[in-house]
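Here is what each chain is made of, one letter per residue.
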Amino acid sequence: MPRRTSLALPLLALVAALLVGGCSPDAPADARAAHRPTVLAAADRLPAPELAGPDVGGGTPTSLASHRGHVVVVNIWASWCGPCRAEAGALEEVRGRTAASDVRFLGINTRDPDVSAARSFVAAHGQHFPSIHDPRGTLPLRFPAGTINPQAVPATVVIDRQGRIAAATSGPVTAPDLTALLDTVLAEPS
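Residues numbered from 1 in each chain as written. Predicted model: local features only at pLDDT ≥ 70, side-chain atom pairs only at ≥ 80, totals over all residues. Heavy atoms only, no water.

(A) Examining the nonpolar core more closely. Within the largest apolar cluster, 27 residues are counted, with the highest numbers of intra-cluster contacts made by Leu51, Leu64, Val74, Ile76, Phe143, Val157 and Ile159. Contributions of two or more residues to this core are made by β3 (71-77), α3 (82-98), β4 (103-110), α4 (115-124) and β6 (155-159). Contacts of Ile159, omitting those with residues within four sequence positions, involve Ala48, Leu64, His70, Val71, Val72, Val74, Arg164, Ile165 and Ala166. Core analysis: the next-biggest nonpolar cluster, separate from the first, contains 17 residues, Leu91, Val103, Ala166 and Leu182 among them. (Core = buried A, V, L, I, M, F, W, Y, C linked by side-chain atoms within 4.5 Å. Buried < 20%, exposed > 50% of the residue type's maximum accessible area, 1.4 Å probe, protein only. Helix = DSSP H or I, 4+ residues; strand = E, 2+ residues; numbered from the N terminus. Contact = heavy atoms within 4.5 Å.)

Here it is, written out as structure tokens:
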């Protein structure tokens, strides 16, 4: 029996890592590098879905369409999600550094039935970008198959100025990885 237990633990760790996006932020740097998201070639990009709903901060209608013509970072998160809490600082760091550029941020708070939990998350993490409240988790299902796992949070999608999906990643994003994606998409002709 001890042999089974010793094999089961590494297998469980591998399955858990795959479920949160393929690697852990605590993994060695070379393991994380193998899973870094890359920007798709323009010819391979699909249109971003229509994303709209009430902002968690007060119910004001907000949408992805209102950011058309800008590069947009869409972050899908939930207040109960540990990896979402872990990446919140990185998102706000990059948002702050890119505030004067052509980048906009839009969150999707998914599967939080009570909007007050989402508001507390936003306040606790000092997020300064709108987030759509999506208590039923329907908005992530609008992304084309294979873009993200709609059942897993967090997920981050970069939308180009033409409203197409330029890059996507599941699991917590780091500031350096997100910055690299944005630098590539921002350098593209308008």
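(B) Representation of helix α5 (residues 175-186). In this model, α5 (12 residues) spans 16 Å end to end at C-alpha, consistent with the 16 Å of a helix rising 1.5 Å per residue. Within the span of α5, buried status applies to Ala175, Asp177, Leu178, Thr179, Leu181, Leu182 and Val185. Contacts from the buried residues of α5 go to β3, α3, β4, β6 and β7 (165-170). If you check the start of α5, you find a side-chain oxygen 3.2 Å away from the backbone N of Asp177, and it comes from Thr174. (Expected span 1.5 Å × (residues − 1). Polar contact = N/O pair within 3.5 Å; in protein donor to acceptor, adjacent residues only side chain to side chain.)

(C) Geometry of the sheet that holds β4. Pairing is mixed across the open sheet formed by 5 strands, whose spatial order is β5-β4-β3-β6-β7. Of all strands in the sheet, those bounded by a partner on one side alone are β5 (131-134) and β7. Ignoring which end each strand starts from, the neighbouring axes of this sheet average 15° apart. Set on the sheet, α3 makes contact with β3, β4 and β6; between it and β4 the angle comes to about 160°. (Pairing = 2+ DSSP bridges. Axes fitted to C-alpha atoms, helices over the stretch in contact; angles between N-to-C directions.)

(D) Molecular detail of the environment of Val103. You can see Val103 is positioned in strand β4. Judged by relative accessible area, which is 4%, Val103 ranks as buried. Between the C-alpha atom of Val103 and that of Gly69, which follows or precedes it by 34 residues, the distance is 9.7 Å. Ignoring sequence-local partners within four residues, the contact set of Val103 consists of Val71, Val73, Thr98, Leu182 and Leu186.

(E) The arrangement of empty space enclosed by the protein in detail. Evaluation of the coordinates by the stated rule reveals 2 cavities of 30 Å³ or more. One number sums up the size of the second largest cavity: a volume of about 30 Å³. Together, Thr156, Val157, Val158, Ala167, Ala168, Thr169, Val173, Leu178 and Leu181 line the second largest cavity. Counting residues per element, the ones that place at least two in the lining of the second largest cavity are β6, β7 and α5. (1 Å grid on protein atoms, 1.4 Å probe; cavity = no way out; pocket = protein on both sides within 12 Å on 5 of 7 lines; lining within 4 Å. Points joined across faces, edges and corners; volume = space filled by probe spheres on them.)

(F) Representation of the side chain of Glu92 within the structure. Position of Glu92 relative to the elements: it lies in helix α3. For Glu92, a relative accessible area of 12% gives the class buried. Within the local environment of Glu92, its side chain forms a polar contact with the side chain of Arg95, the two groups lying 2.6 Å apart. Those residues within four positions of Glu92 in sequence are excluded, and the remaining contacts are Gly126, Gln127, His128 and Phe129.

(G) Local environment of the pairing of β6. Summarising burial for β6: 5 of the 5 residues are buried, a large majority. Burial of β6 is two-sided: the residues Ala155, Val157 and Ile159 facing one way and the residues Thr156 and Val158 facing the other way are all buried. Both β3 and β6 contribute to a ladder of 5 bridges, which runs antiparallel. Bridge pairing in β6 links Val74 to Val157. Summarising the sheet, β6 and β7 pair through 5 bridges and their orientation is antiparallel.

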